Amino acid sequence: MLFRSNDPKQPIEPKLIDLAALRQNSVLFTALSDDDAWELIHLARLESAPAKHAVCLVGQAGDSLHIVLEGRVKVSLLSEEGKEAILSILGAGEVFGEMSLFDGEPRSATVTTMERCRFLVLSRKVFLPFLQSRMHVMLELIAEMSRRLRATNDLVGNLSFLNLSARLARILLNLVQQYGKVTPEGIIIGLKLSQEELGHLVGVSRESVNRQVRVWMDAGWIAFEHGTIIVLNSDALFREALAS
């Protein structure tokens, strides 16, 4: 279950929010000045949730944006056969549910906590009056959404032409960028994932990922120990990620 702050007017501590990181992950906050951003943040409420909790379900009524303050969540969809496809894994400073603020449509994916999480939740009810009084923000939002739509179209087009090894290499490098820790043994990805979950991220079966992981382990590119991935040769993965 979700746990809301006992005091809905509890002030948000500035140290909880990295505004620069938030702007990298949110169309909305990219369009806001510092003053507008902090004013909007203070209209939000704090919530927490335990591990393996469904924060929102695909098809569920959507009316809020969540900013992850602590913990990690996975964004996923289920196929008609019941197979899970993980669209992304989000951590502190990242957001989900942004579309619901603008259109109020049902959730387009399910979001589940991977560990105990804290969120800052901004409801559509308080967001719309805020937006209606700021025409300059509306115009900037339209421009930013157009830019991101173009970038998304380019990304989808590029990924559709990649083979399995290139797609998996890009996923691993993205995980290294987000969760990597350099050690004498290699770059440890600080997020435990099974090969089945890796398959969900890439969009292929566990067996396909297993075969590719085994090839890279034999080549000395990566190690896979109890769900922890260690990148031993990032240069090789970069070359593979650029292959078609």
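For the structure, see preceding data.
S.K.: I'd like a description of the overall build of the protein chain, backed by residues and values.
M.R.: Each helix and strand in the protein chain was counted, giving ten helices and 13 strands. In the protein chain, buried positions account for 43% of the 244 residues. Taking all contacts inside the protein chain whose residues are at least 6 apart in sequence as the whole, residues at least 24 apart take part in 71%. With the model as given, the accessible surface of the protein chain reaches about 13,500 Å², and the carbon-plus-sulfur share is 54%.

S.K.: So what's going on with a nonpolar patch on the surface? Residues and values would help.
M.R.: A contiguous nonpolar patch, built from Val58, Leu77 and Leu87 and spanning about 240 Å² of accessible area, is present on the exposed surface. On the secondary structure map, Val58 appears in the loop between β3 (54–56) and β4 (64–70).

S.K.: Could you give me a rundown of the environment of Phe224, with the residues and numbers involved?
M.R.: Here Phe224 is to be found in strand β12 (residues 222–225). With a relative accessible area of 17%, Phe224 lands in the buried category. Counting along the chain gives eleven residues from Phe224 to Val213, while the straight-line C-alpha distance between them is 8.2 Å. Non-local contacts of Phe224, meaning those with residues more than four positions away in its chain, are made with Leu193, Ser194, Gln195, Leu198, Val213, Met217 and Ile229.

S.K.: Before we move on, can you summarise helix α10 (residues 234–241) with the specific residues and values?
M.R.: Taken together, the buried positions of α10 are occupied by Ala236, Leu237, Glu240 and Ala241. Angularly, the buried residues of α10 cover 135 degrees about the axis, an arc narrow enough to put them on a single face. Structurally, α10 contributes buried residues whose contacts are with α7 (164–179), α9 (206–218), β12 and β13 (228–231).

S.K.: Could you give an account of helix α3 (residues 34–41), with specific residues and numbers?
M.R.: Each turn of an α-helix holds 3.6 residues, which means side chains three or four residues apart point in the same direction. For α3, the complete set of buried residues consists of Asp36, Ala37, Leu40 and Ile41. Taken end-on, α3 shows its buried residues confined to a sector of 135 degrees, consistent with a single buried face.

S.K.: Residue-level account of the sheet that holds strand β11 (residues 186–189), with values.
M.R.: Pairing is antiparallel across the open sheet formed by four strands, whose spatial order is β10-β11-β13-β12. Of all the strands in the sheet, just β10 (180–183) and β12 have a single pairing partner and so form its edges. On average, each strand axis in the sheet is inclined to that of its neighbour by 25 degrees, with strand direction left out of account. Relative to β13, β12 runs antiparallel, the two being bridged by four bridges. Its bridge partner being in β13, Ala223 is matched across the sheet by Ile230.

S.K.: Describe the pairing of β10, listing the residues and the values that go with them.
M.R.: Across four bridges, the pairing between β10 and β11 is antiparallel. Paired with Val182 across the strands is Ile187, a residue of β11. Once β10 ends, the chain turns through two residues before running back antiparallel as β11.

S.K.: Residue-level account of the nonpolar core, with values.
M.R.: By size, the foremost hydrophobic cluster in this structure holds 27 residues, and its most contacted members are Leu172, Leu175, Ile189, Leu198, Trp216 and Leu237. For this core, the elements supplying multiple residues, two or more each, are β6 (84–90), α7, β11, α8 (195–202), α9, β12, β13 and α10. Leu19, Leu28, Phe29 and Leu122 belong to the second-largest nonpolar core, a separate cluster that totals 22 residues.

S.K.: Any chance you could break down the packing of α7 against α9 for me, citing the residues and the numbers?
M.R.: Close contact between α7 and α9 brings their axes to 11 Å; oriented N to C, the two are set at 75 degrees. By the angle between their axes, α7 is roughly perpendicular relative to α9. Contacts between α7 and α9 involve Leu164, Ser165, Leu168, Ala169 and Leu172 from the first element and Ser208, Gln212, Val213 and Trp216 from the second. Across the contact of α7 with α9, the residue classes break down as six nonpolar, three polar and no charged.

S.K.: Describe in detail the pairing of β11, supporting the description with residues and values.
M.R.: As paired elements, β11 and β13 share two bridges and run antiparallel to each other. Each bridged residue has a counterpart across the sheet, and for Ile188 the counterpart in β13 is Ile230.

S.K.: Explain the pattern of salt bridges to me, and be specific about the residues and the numbers.
M.R.: For the coordinates displayed, the defined rule picks out six salt bridges. Here Glu70 and Arg118 are joined by a salt bridge, their closest N and O atoms 3.4 Å apart. On the criterion of sequence distance, the pair formed by Glu70 in strand β4 and Arg118 in strand β9 (residues 117–123) is long-range, its members being 48 residues apart. Between Glu207 and Arg206 there is a salt bridge whose closest N-O contact spans 3.3 Å. For Arg206, a relative accessible area of 39% translates into the label partly exposed.

What counts and how
Residues numbered from 1 in each chain as written. Predicted model: local features only at pLDDT ≥ 70, side-chain atom pairs only at ≥ 80, totals over all residues. Heavy atoms only, no water. Helix = DSSP H or I, 4+ residues; strand = E, 2+ residues; numbered from the N terminus. Buried < 20%, exposed > 50% of the residue type's maximum accessible area, 1.4 Å probe, protein only. Contact = heavy atoms within 4.5 Å. Areas by Shrake-Rupley, 256 points an atom, 1.4 Å probe, with all protein chains shown as cover. Patch = residues over 30% accessible without salt bridge, like charges linked within 9 Å, V, L, I, M, F, W, Y side chains within 5 Å. Salt bridge = Lys/Arg side-chain N within 4 Å of Asp/Glu carboxyl O. Arc of directions from axis to C-beta. Pairing = 2+ DSSP bridges. Axes fitted to C-alpha atoms, helices over the stretch in contact; angles between N-to-C directions. Core = buried A, V, L, I, M, F, W, Y, C linked by side-chain atoms within 4.5 Å. Parallel < 35°, antiparallel > 145°, perpendicular 65-115°, else oblique. Nonpolar A, V, L, I, M, F, W, Y, C, P; charged D, E, K, R; others polar.

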